[in-house]
Amino acid sequence: MAATGVLPFIRGVDLSGNDFKGGYFPDHVKAMTSLRWLKLNRTGLCYLPEELSSLQKLEHLSVSHNNLTTLHGELSGLPCLRAIVARANSLKNSGVPDDIFQLDDLSVLDLSYNQLTECPRDLENAKNMLVLNLSHNSIDNIPNQLFINLTDLLYLDLSENKLESLPPQMRRLVHLQTLILNNNPLLHAQLRQLPAMTALQTLHLRNTQRTQSNLPTSLESLTNLADVDLACNELSRVPECLYTLSSLCRLNLSSNQISELSLCIDQWTQLETLNLSRNQLTSLPSAICKLTKLKKLYLNSNRLDFDGIPSGIGKLTSLEEFMAANNNLELIPESLCRCTKLKKLVLNKNRLVTLPEAVHFLTDVEILDVRENPNLVMPPKPVDKTSEWYNIDFSLQNQLRLAGASPATVAAAAAGSGTKDPTARKMRLRRRKDSAAQDDQAKQVLKGMSDVAQEKNKKLEENGDMKYTDPKTRRWDQSLEKPQLNYSEFFTEDVGQIPGVSVWQIENFVPTLVDEAFNGKFYEADCYIVLKTFLDDSSSLTWEIYYWIGQEATLDKKASAAIHAVNLRNYLGAQCRTIREEMGDESDEFSQVFDHEISYIEGGSASGFYTVEDAQYITRLYRVYGKKNIKLEPVTLKAASLDPRFVFLLDNGLEISVWRGTQATLSSTTKARLFAEKINKNERKGKAEITLLSQSQEPPEFWEVLGGRPEEIKANVPDDFQPAKPKLYKVGLGLGYLELPQINYKLSVEHQKRPKVDLLPEMRLLQSLLDTKAVYILDCWSDVFIWVGRKSPRLVRAAALKLGQELCSMLHRPRHAMVIRNLEGTECQVFKSKFKNWDDVLKVDYTRNAESVLQAKGLAGKVKKDAEKKDQMKADLTALFLPRQPPMALTEAEQLMEEWNEDLDGMEGFVLEGKKFARLPEEEFGHFHTQDCYVFLCRYWVPVEYEDEAEKKKTSGGKGDGEGGEEDEEEEQEEKQPEEDFQCIVYFWQGREASNMGWLTFTFSLQKKFESLFPGKLEVVRMTQQQENPKFLSHFKRKFIIHKGKRKSKDNNLQPSLYHVRTNGSALCTRCIQINTDSCLLNSEFCFILKVPFESTDNQGIVYTWVGRAADPEEAKLAEEIMNHMFDDSYSKQVINEGEEPENFFWVGIGGQKAYDEDADYMKYSRLFRCSNEKGYFSVSEKCSDFCQDDLADDDIMLLDNGREVYMWVGTQTSQVEIKLSLKACQVYIQHMRSKAAEHPRKLRLVRKGNEPHPFTRCFHAWGVFRKPPA
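This one's a predicted model, so the numbers in the text were calculated from it and none came from an experiment.

Re the overall build of the protein
Along the backbone of the protein there are 22 helices and 55 strands. The long-range share in the protein, meaning contacts at least 24 apart out of those at least 6 apart in sequence, stands at 60%. Carbon and sulfur atoms make up 49% of the accessible area of the protein, which amounts to about 64900 Å² in all.

Structure (structure tokens):
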């Protein structure tokens, strides 16, 4: 046990998710004598631990989702116990002790999801019961005496049982607020008790066999009833008793037999959610338009058509969700598009022909689902009439700063933009000297400007306006421009907005908010800032700001207190002065702030200044696992920990080694290397040396760190290895107590609105969970991380460190487990890897637009800051500043190709012939035609995967509607991973000139056949020519040939044909494409294949492989192999070098000798960017290095950099706003490249679609006419 002394002060702790099977339970819990609440959910407990007997102050105990068969033991000896939550166990009636109901304070009992067959005995003795949950059991009867005593109940859940009747004594529950009776056979229960429950707010009667005859005639007395669920019953119309509910907010009538609605629904003036899905409605009454507070309307699976939706539905101004899937709608009323708050519009499985044009003005829509409407044609997007004036700072320095560049980079860009060219300066001086006439003209211009200024001043004097007559009368500091400062890093938004006193303590040059309980208590060696907020006589906020100097305070604290006191005044826009107060000499006004109760405490925090010392690093060994996002698992620092199937990372301070086992994948090695680079950059200041090691090639120093070289490296990681699920605790601190609750990150962040359980993705932590004002403990079993927010109180930090030590020693852990402290902003990479998409890149935002600048005059302080936040324009130019993607090395590409082909178990090809797909002969694999469609079925072996979580969720009980938001229960069960499995991927390839009929034919014929053969294991990937998947390309081993025309066309063999072999960025992306037979398309840095056909029967023709003088030797060898692969021995084949071409056949066959390019330097620099505002803001993104002509989007602006020019390509459907913003972005990019590569200055060129010059088109492989929209 760690001797920290904090255990007796812990008031609550959540130990859920730990493994307490087999009788193990931490002894540390005995020392938590002040414990008020304890959570032990999902810990595998089979019985209550004996240690609970020491917790005499325990009030709340939660032991849900365990294997408990009995609650007998220590509970009756806990006199303060108020709440027992034991849901989802294996409890029977014999396992529930009678004596717990004798506890005086017991008010909460949850025994749901157990095996009870009747109500627990003596339950009626718990007279103070407020919450009772007995749902999801097998109870068939409720004793009459139960509700005689339990009259104070507020919440009662009896759903998912076998109840056929309810005791009449339920009418005594006059305080009951929530009653849930779902899924009980209550056919003969008349529910006459309901009108007596006058406090009822929630009533759920889902699937209880409700009809018109077994509901009360009136519920008028239930004035508080706001939530009613009558789904899955046999109602033919809306019960009349519901119309009397004036406070109704949510009504669920789904899955009934309702065919019409009454006009009386306008009585529900407070209704916010109405679910009428799965009924027989043909129309909605016009009265529904009077429900002005309605936010969610669900009408799925009815019989509604266009006339069935009232035209006045646009009056529902609060509507956020409208769902009418699976109806007979051909159109929707245009007025529906006037519901400007609409976020979700679901219209799939209808008969829609089109939508109103106004649908484009629903700017808040997040989901628009119009699937399975085969005749739907989307309306054209209206002309963009956005204002053409923008207050956007496109300077290189500002855009680099917004993109997250370091201050040094920004400063270098500023210096680079202002550098002088001495040669150019001499030329200018020489021209100026030689042209005296120009000087005379310049003098005349200056004289004319001064004369105009004098005349203007005279007119101002005559008009009596003295504001500009004497500029010297203004003080020098009044003409200075004050920079915009951001104080939100130090002070929160609500500072000074509520009357009261706030105190900050200076710590490491930064003010840290002090808890209110410690106001008036000052450390002698510290400095403080005190803010008093009060209302003056006119009821407006007024402030007094003091900064208090301790007698033993260091210089850095004194200066920081004075500076931040002024910052606080500026932040608030206050007019008061900042007042200095010294220890022992405080003014009466300052003492009055704390009611003259000021006390001093010896000591204080350390100085912000520090001495430079050599950093001490702890040597650690990590196993790298995971596929998409790698994670690191610490292991014992021994050679025996190595496993040939994995990659390991050895962190030895300034020496980082990445060790790759013989069976480890290349992708894991690459990602581990990138991870090591991040560690070096962020934690070692770039001083560490990173070494890549392969198994059996390790240096002696590597084995010295691991304690010696082993005789053999064996697989030691279990096949069913699953990493421990991280647990995130938030440290709570109050007067005399500590709390350690867990954060349920599964539903708190990733799913703000509860989704269906079967759709939940794998949950991972998100950075947004961490609050800068708090301290967190992340328990990863092998490591315990303490994350300290920058604005967290000092006492919480100290308590968290001790709690982390206790938590580490409390549970069984490996010997190498450590407690690691992380300060916000300086987190280690291992800690970041536990979170999903933790990214250090700053978000990029535009400045305010011109209108908000004009409106913000005269505002100050926080009001001004809030005004500036409004109407901001978001944008992203980050892609312009990222370096060009380097080409992949040939060895690396070949290794990746080899790995993908090792996983390939088999491949079958099909080609569209007429209206059917015919099997493609294997000798034609790798040959494609621009007018054909191909299908390849690939079967892959799938290795054993180590998922983040091995738990699956399943729902218990009745499933909700998804859109109704009903409460579902979750249970977890483990699923064993198969040792080996397979997956099938169907690649559909469509040529540039092929129609869409191939895709439709495949969808309705071949795809269905494949899905029936491989259920659950099939993935379909659709590709178009030159936009292929790299994995698909790898299966043809760089022999990927694209011919013009159709596969069986005979015309292709009669004319000479020219093929261009080219690699884009990676050897994986090598293609041999037929181009126009024209010698001007040759290039000295590439290889070409020319076929010249003969009319002879014994010799079909001659084929040349033309090798440019600057071509890559490997590519020349590949071109010869492709030639031999393409043509059989009936052709004569020759390899010729540039300059050795035979006149008779080569130049004649290619159409005559013409001038052609002799270099391809553009291949080293070419980059393609896309400028678009389709996301709702202007953004620039880069296409991969393997781009093609079809990547030029007609409705966007494209930027092409070839090393000499930057072409701004404008599509035919581009808006004026995109053109203007893209032009500015292009200028920013040219300026940035000038500062980065001054030896290659770029020039700006404007290109319209269809008028592209040769320097533009040669950057694209096999440029041709633009593809028309396929039929």
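Let's talk about the sheet that holds strand β26 (residues 647-651)
Two modes of strand pairing occur in sheets, parallel and antiparallel, and in both the strands are linked by backbone hydrogen bonds. Across the sheet, which stays open at both edges, the five strands sit in the order β25-β24-β26-β27-β28 with mixed pairing between neighbours. Because the sheet does not close on itself, it has two edges, and the strands there are β25 (631-635) and β28 (689-694). Adjacent strand axes in the sheet meet at a mean angle of 25 degrees when their direction is disregarded. Pairing geometry for strand β24 (residues 620-625) and β25, over five bridges, is antiparallel. Note that in β25 the partner of Leu621 across the bridge is Val635.

Comments concerning the packing of aromatic side chains
Counted according to the given criterion, the structure contains 51 aromatic pairs. Between Tyr987 and Phe1032, the ring centres sit 4.9 Å apart and the planes meet at 40 degrees, which makes this aromatic pair tilted. Here the residue Tyr987 occupies a position in strand β43 (residues 981-990), and Phe1032 occupies one in helix α17 (residues 1030-1034), the gap between them amounting to 45 residues. A relative accessible area of 1% means that Tyr987 is categorised as buried. Three or more aromatic residues link up through ring pairs in this structure, and these residues are Phe925, Phe928, Tyr934, Phe936, Tyr987, Trp989, Phe1032, Phe1036 and Phe1040. Above the ring of Trp37, the side-chain terminus of Lys39 is found at 5.9 Å from the ring centroid. Lying across the ring of Phe646, Arg623 places its NZ or CZ 5.8 Å from the centre.

Concerning a negative patch on the surface
Residues Glu655, Glu689, Glu701 and Glu704 make up a contiguous surface patch of negative charge. Secondary-structure assignment places Glu689 in strand β28. A residue is classified by how much of its surface remains accessible, and Glu689, at 52% relative accessible area, is exposed.

Considering the pattern of salt bridges
Per the stated rule, a full pass over the model turns up 40 salt bridges. A salt bridge links Glu739 to Arg11, with the nearest nitrogen and oxygen atoms 3.0 Å apart. Taken together, the residues span a long stretch of sequence, with Glu739 in strand β31 (residues 737-740) and Arg11 in strand β1 (residues 10-14) at a distance of 728 residues. For Glu739, a relative accessible area of 18% corresponds to the buried category. On the accessibility criterion, Arg11 (27% relative accessible area) is partly exposed. A salt bridge links Asp1078 to Lys1154; the nearest nitrogen and oxygen atoms lie 3.2 Å apart. Of this pair, Asp1078 sits in the loop between β47 (1070-1075) and β48 (1087-1093) while Lys1154 sits in the loop between α19 (1143-1149) and α20 (1162-1165), and the two are 76 residues apart along the sequence. Residue Asp1078 is classed as partly exposed on the basis of its relative accessible area of 21%. With relative accessibility at 41%, the residue Lys1154 sits in the partly exposed group. Three or more residues joined by partner-sharing salt bridges are found here, namely Glu913, Glu924, Arg1047 and Lys1048.

Examining the pairing of strand β50 (residues 1131-1137)
Bridge count between strand β49 (residues 1101-1107) and β50: seven bridges; the pairing is parallel. By the bridge assignment, Ile1102 is partnered in β50 with Ser1132.

Concerning the nonpolar core
Formed by 134 residues in total, the largest nonpolar core has its most connected members in Leu156, Leu179, Leu242, Trp268, Phe322 and Leu347. Contributing elements (two or more residues each) for this core: β1, α1 (146-149), β31, β32 (775-779), β33 (783-788) and α11 (794-810). When residues of this core are assigned to their parent elements, the largest contribution, seven residues, is made by α11. Counting contributing residues, this core receives three or more from each of domain 1 (259-380) and domain 4 (724-745 + 769-833). For Leu242, the residues in contact, after removing those within four places along its chain, are Val228, Leu230, Leu251, Leu253 and Trp268. If you look at the next biggest cluster of nonpolar residues, it comprises 51 residues, including Leu904, Tyr987, Tyr1104 and Tyr1156.

So, helix α16 (residues 997-1013)
Across its 17 residues, α16 extends 24 Å between first and last C-alpha, which sits within 8% of the 24 Å expected from 1.5 Å per residue. Of all bends in α16, the biggest is about 45 degrees, found at Thr1003. For α16, every residue scored as buried is listed here: Gly998, Thr1001, Phe1002, Leu1006, Gln1007 and Phe1010. Of the surrounding elements, those touching the buried residues of α16 are β37 (904-913), β38 (916-919), β40 (933-942), β43 and β44 (1018-1024).

Rules behind the numbers
- Residues numbered from 1 in each chain as written.
- Predicted model: local features only at pLDDT ≥ 70, side-chain atom pairs only at ≥ 80, totals over all residues.
- Heavy atoms only, no water.
- Helix = DSSP H or I, 4+ residues; strand = E, 2+ residues; numbered from the N terminus.
- Contact = heavy atoms within 4.5 Å.
- Areas by Shrake-Rupley, 256 points an atom, 1.4 Å probe, with all protein chains shown as cover.
- Pairing = 2+ DSSP bridges.
- Axes fitted to C-alpha atoms, helices over the stretch in contact; angles between N-to-C directions.
- Phe/Tyr/Trp six-rings, centres within 6.5 Å; stacked < 30°, edge-to-face > 60°.
- Buried < 20%, exposed > 50% of the residue type's maximum accessible area, 1.4 Å probe, protein only.
- Lys NZ or Arg CZ within 6 Å of the ring centre and 35° of its normal.
- Patch = residues over 30% accessible without salt bridge, like charges linked within 9 Å, V, L, I, M, F, W, Y side chains within 5 Å.
- Salt bridge = Lys/Arg side-chain N within 4 Å of Asp/Glu carboxyl O.
- Lys, Arg positive; Asp, Glu negative; His and termini not counted.
- Charge placed at Lys NZ, Arg CZ, Asp CG, Glu CD.
- Core = buried A, V, L, I, M, F, W, Y, C linked by side-chain atoms within 4.5 Å.
- Domains from an automatic or database assignment.
- Expected span 1.5 Å × (residues − 1).
- Bend = angle between axes of the 7 residues up to and from the residue.

The analysis is restricted to geometry; functional conclusions fall outside its scope.
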